[in-house]
Amino acid sequence: MIPSATARYDWILALTSIAFVFSAFGNGANDVANSYATSVAARTLEMWQAGILAVITEFVGAVALGSRVTSTIKSGIISPDRFTDKPGTFMLAMGCAEIGSAFWLMFATKNGWPVSTTQTIVGALVGVGFASQADISWGWKKGSVSQVAASWGIAPAIACAFSAVIFGILKFTVLERKDSFKWAMRLIPLYLAFTGAILALFIVIEAPTAPSLEEFGAGKAVGIILGVFGGCLLFAYVFFMPYFHRRLVKEDSRIRFYHLPLGPWLLKDDCPLYFPGKGDSIVTSYYEDSLGEVCAGQKGNEKEGQSVSGDKKGTNDAVDIEQKATSAESSPEIQPKKKFIGPKERFLGPVEHLSWLHPTKYWGWIKFILLQGISRDVVTHDSDLLRKIHARAHRYDDRVEHLWTYCQVVSAIMMSIAHGSNDVANAVGPWSGSYSTYLSGSVNTKSETPIWFLVIAGLLLGAGFWVYGYHIIRSLGNKITQMSPTRGFATELGAAITVLLASRLGLPVSTTQCLTGAATGVALMNFDLGAVNWRQLVFIFGGWVLTLPCAGLVAGLLCLMALNTPHF
C-alpha cells in the first residue's frame, strides 16, 4: 500500500523513470565508449566486437559489482534537510535532476563531446539545489563542487604523465630498438603479466563493496599483485608464446585467437587446427584506415609537396586522378581507394526498390535500426588537418603492434567493468531515491537498490554504446592523434592507474578525463607537438566546462518552474 503522502505523485515517478532510461542510455553512449575508443581506433577491435563486449562487461559490472546502496544525494552535493516532511518535493527535485542529466548526456554525445557522467549528475543536482534553495556543498571536500571543477586539470595531467611514462618505456625497450620484433617476443610475457596484475588490483580495490585500502591491507594488495603477475606470466609462456610463434614467426595465416587453448601443441607442424582461418593475411595493418590509406610515419612526404598518403597533391584537386578506378585499370600498380559501405547502403540500399508490402523491406529496416550504431566508419577522418597530424606519428612494425592487442583488449574490458560497477549509480541514484521515497512516504536519501534496478541499468549502459556510442568513439579515437595497439595499451593502462591512485587519495577523477589526458600523453611521446590535435583537445575541454552549468541550468529551470507553477 502506497502512503497517502506520496500516492498522488505517481506521475513524478513515471517521468523520472522515463528520464532514467535516457540517462542510463546516454551514460552508456558517452562513458562506455571511452573504454573501447582506443581499441576500435587502433583496429584492435571491430565496432561490432566492441559493442558485444560492452553489453557483457557493463552488465557484469553493474549487476555483479554495482553498489547495493546508492547515495541519492550524490556525494552530499545538496543537503536533504530542505526536503524534510516534503517527500513530493524531494521526488520532484530528483526527477528534474534525472531529466537534466539525461538531456545533457544525449546532447553531448550527439555532438561528440566525451563528458563525465558523474559531473553531469552533480551539475544537475546543483541546479535543483539552487531552485529549491537547498544548501550546496561548495567547500573543498570530497565530492564538492570545487573539487569537481579542479578535476578538469588534475585528472588529465596525472593520466598524461602515467601514459607518457608507460609508452616511453615501451618505446625504448621494444619499439625503437634495432630488432623490435625480437625484443617484443622476449618482453611481451612480462607486459601481459604486468597488465593483468595492475588491472586485477584495479577491480578489487575499485569495487564499490570493497573496503578502503587501509582496511584491505597493503599485504593483501601486494599479494594480489604478485599472485596475479605470476599466474599471468605462466599462462603467457604456456599458451600465448606458442600461439605467437606459430602465427608471427612461422607466419601461419590459419591461426586465430581461438587456437590459444592448444598451447605448446601449436609448436608442432602437424598440430591439427579446428576451424582454421582463411586468407593470406598474418596480421592487420593497424595504421591503415577504412579507405586503405596509411598516414602515420609519412612526415617527410609533406615537406616534399606530397600528400601524407604518398600521392601527388594538386592545389585545387579535391580527389587525386591517380586514385580513380579508371586510372587504376590502365596502371595496375596504382590501386583505387577502398570504399566503406555505411549502414544506409548496406541495409537500406538493397531494399529501397521494394514495396512496403514486401517483408524483406521491413527486415532491412530492422537491421538498420539495430545495427546502424556498430556498422559505421569510426576510424577514418576525411580531414587534411588530421592527415598531417597522423603523418607526424611514428609507425612501428605491425607484428609488434599485434602482440599488444591482447593487452589492450584486456585493459579495455577491465575499464568497462569498473565503469559499470562505479558509474551505474549516476543514473540509478535519483531514480532510486524517488522510488524509495514514493514507497516509504518520507524522504529517503540512502536507499537499498533493488537488483532489478541494476539489471535494467546494466542493459541500458550496453545498449547506449551499441546504438549511439560511435559519436564518442570517433571523437576520442584517432581524432586526438594516430592510435595504434601499443599506444592504446599505454593510454588505457595509464588511465586505469590514475583512477586507482587518485580515488585512493580522495581526488575526484573521471574516466573520461583520464583517458583524454592519457591519449595526449601518448601523443606527446612522438616528441612532436604537431602530432597532437590541439583543436580537438580544446573542443573536449569545452564540453567539460559546459557540463556543470548546462546540466544544472536544465534541471534547475525545470525544478524552478515546477515549484512555482500556479494551480487551482
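All values derive from a computational prediction rather than experimental measurement.

**Student:** Let's hear about the overall build of the protein: which residues, and what values?
**Tutor:** Helices and strands together make up the secondary structure of the protein, namely 21 helices and two strands. When burial is assessed residue by residue, the protein has 54% of its 568 residues classed as buried. When contacts within the protein are restricted to residue pairs at least 6 apart in sequence, those whose partners lie at least 24 apart make up 79%. Carbon and sulfur atoms form 65% of the exposed surface of the protein, whose accessible area is close to 24800 Å².

**Student:** Residue-level account of the pattern of salt bridges, with values.
**Tutor:** Inspection of the entire model under this criterion finds ten salt bridges. For E288, the salt bridge goes to R43, with nearest N and O atoms at 3.9 Å. One end of the pair, E288, is in the loop between α9 (218-249) and α10 (299-303); the other, R43, is in the loop between α2 (10-41) and α3 (47-64), and 245 residues separate them in sequence. Between E176 and K171 there is a salt bridge, and its shortest N-O distance comes to 3.5 Å.

**Student:** Residue-level account of the UniProt feature "transmembrane region" (unreviewed entry) in the protein, with values.
**Tutor:** In the numbering used here, UniProt assigns the feature "transmembrane region" (unreviewed entry) to residues 47-67, 88-107, 149-175, 187-205, 217-240, 451-468 and 537-563. Counting secondary structure, residues 88-107 comes out at 100% helix and 0% strand; the distance between its end C-alpha atoms is 29 Å. Structurally, residues 537-563 comprises 100% helix and 0% strand, and the distance from its first C-alpha atom to its last is 39 Å.

**Student:** I'd like to hear about the nonpolar core, residue by residue, with values.
**Tutor:** Ranked by size, the top nonpolar core spans 67 residues in total, and within it Y36, V128, F465 and I473 carry the most contacts. Here this core takes ten residues from α2, the largest share from any one element. Apart from the residues within four sequence positions on either side, Y36 is in contact with L45, A50, L53, A54, T57, A412, I413, S416, F465 and I473.

**Student:** Could you give me a rundown of the environment of F465, with the residues and numbers involved?
**Tutor:** Looking at where F465 falls in the secondary structure, it is placed in helix α17 (residues 451-468). Residues F465 and A54, spaced 411 residues apart in sequence, show a C-alpha to C-alpha distance of 7.1 Å.

**Student:** Quick rundown of the side chain of Q536? Include the residues and the values.
**Tutor:** When you line up the elements, Q536 lands in helix α21 (residues 534-563). Within the structure, Q536 has its side chain in polar contact with the side chain of S475 (distance 2.7 Å). Setting aside chain neighbours within four positions, we find Q536 in contact with S475, K479 and I480.

**Student:** Outline a nonpolar patch on the surface, supporting the account with residue identities and numerical values.
**Tutor:** Among the surface-exposed residues, W356, Y362, W363, W365, I366, I369 and L370 lie close enough to one another that they form a single nonpolar patch of about 760 Å² accessible area. Of note, W363 is situated in helix α13 (residues 359-371).

**Student:** Talk me through the packing of α2 against α3; I want residue IDs and the actual numbers.
**Tutor:** The geometry of α2 relative to α3 is characterised by a closest axis approach of 10 Å and an angle of 145° between their N-to-C directions. Where α2 crosses over α3, the two elements pack in a sense that is right-handed. Seen from α2, the contacting residues are V32, Y36 and V40; seen from α3, they are M47, A50, L53, A54, T57 and E58. Considered class by class, the residues forming the contact of α2 with α3 number seven nonpolar, one polar and one charged.

**Student:** Lay out the side chain of T491 in plain terms, naming residues and giving numbers.
**Tutor:** You can see T491 is positioned in helix α19 (residues 485-504). For T491, a relative accessible area of 0% corresponds to the buried category. Setting aside its immediate chain neighbours within four residues, T491 contacts T38, S163, M483, L515, A518, A519 and V522.

**Student:** Break down a positive patch on the surface for me, citing the residues and quoting the values.
**Tutor:** A cluster of basic residues, R177, K178, K182 and R186, forms a positive patch on the protein surface. With respect to the secondary-structure elements, K182 resides in helix α7 (residues 180-206). According to the relative accessible area criterion, K182 is partly exposed, its value standing at 37%.

**Student:** Describe in detail the environment of P343, supporting the description with residues and values.
**Tutor:** Relative to the helices and strands, P343 is located in helix α12 (residues 343-348). When the C-alpha atoms of P343 and I374 are compared, they prove to be 8.8 Å apart, with 31 residues separating the residues in sequence. What P343 contacts, discounting residues up to four positions off in sequence, is L348, F368, Q372, S375 and R376.

Criteria and cut-off values
Residues numbered from 1 in each chain as written. Predicted model: local features only at pLDDT ≥ 70, side-chain atom pairs only at ≥ 80, totals over all residues. Heavy atoms only, no water. Helix = DSSP H or I, 4+ residues; strand = E, 2+ residues; numbered from the N terminus. Buried < 20%, exposed > 50% of the residue type's maximum accessible area, 1.4 Å probe, protein only. Contact = heavy atoms within 4.5 Å. Areas by Shrake-Rupley, 256 points an atom, 1.4 Å probe, with all protein chains shown as cover. Salt bridge = Lys/Arg side-chain N within 4 Å of Asp/Glu carboxyl O. UniProt positions renumbered as here; feature names shortened; annotations may be inferred. Core = buried A, V, L, I, M, F, W, Y, C linked by side-chain atoms within 4.5 Å. Polar contact = N/O pair within 3.5 Å; in protein donor to acceptor, adjacent residues only side chain to side chain. Patch = residues over 30% accessible without salt bridge, like charges linked within 9 Å, V, L, I, M, F, W, Y side chains within 5 Å. Axes fitted to C-alpha atoms, helices over the stretch in contact; angles between N-to-C directions. Left-handed = near helix turned anticlockwise from the far one by under 90°. Nonpolar A, V, L, I, M, F, W, Y, C, P; charged D, E, K, R; others polar. Lys, Arg positive; Asp, Glu negative; His and termini not counted. Charge placed at Lys NZ, Arg CZ, Asp CG, Glu CD.

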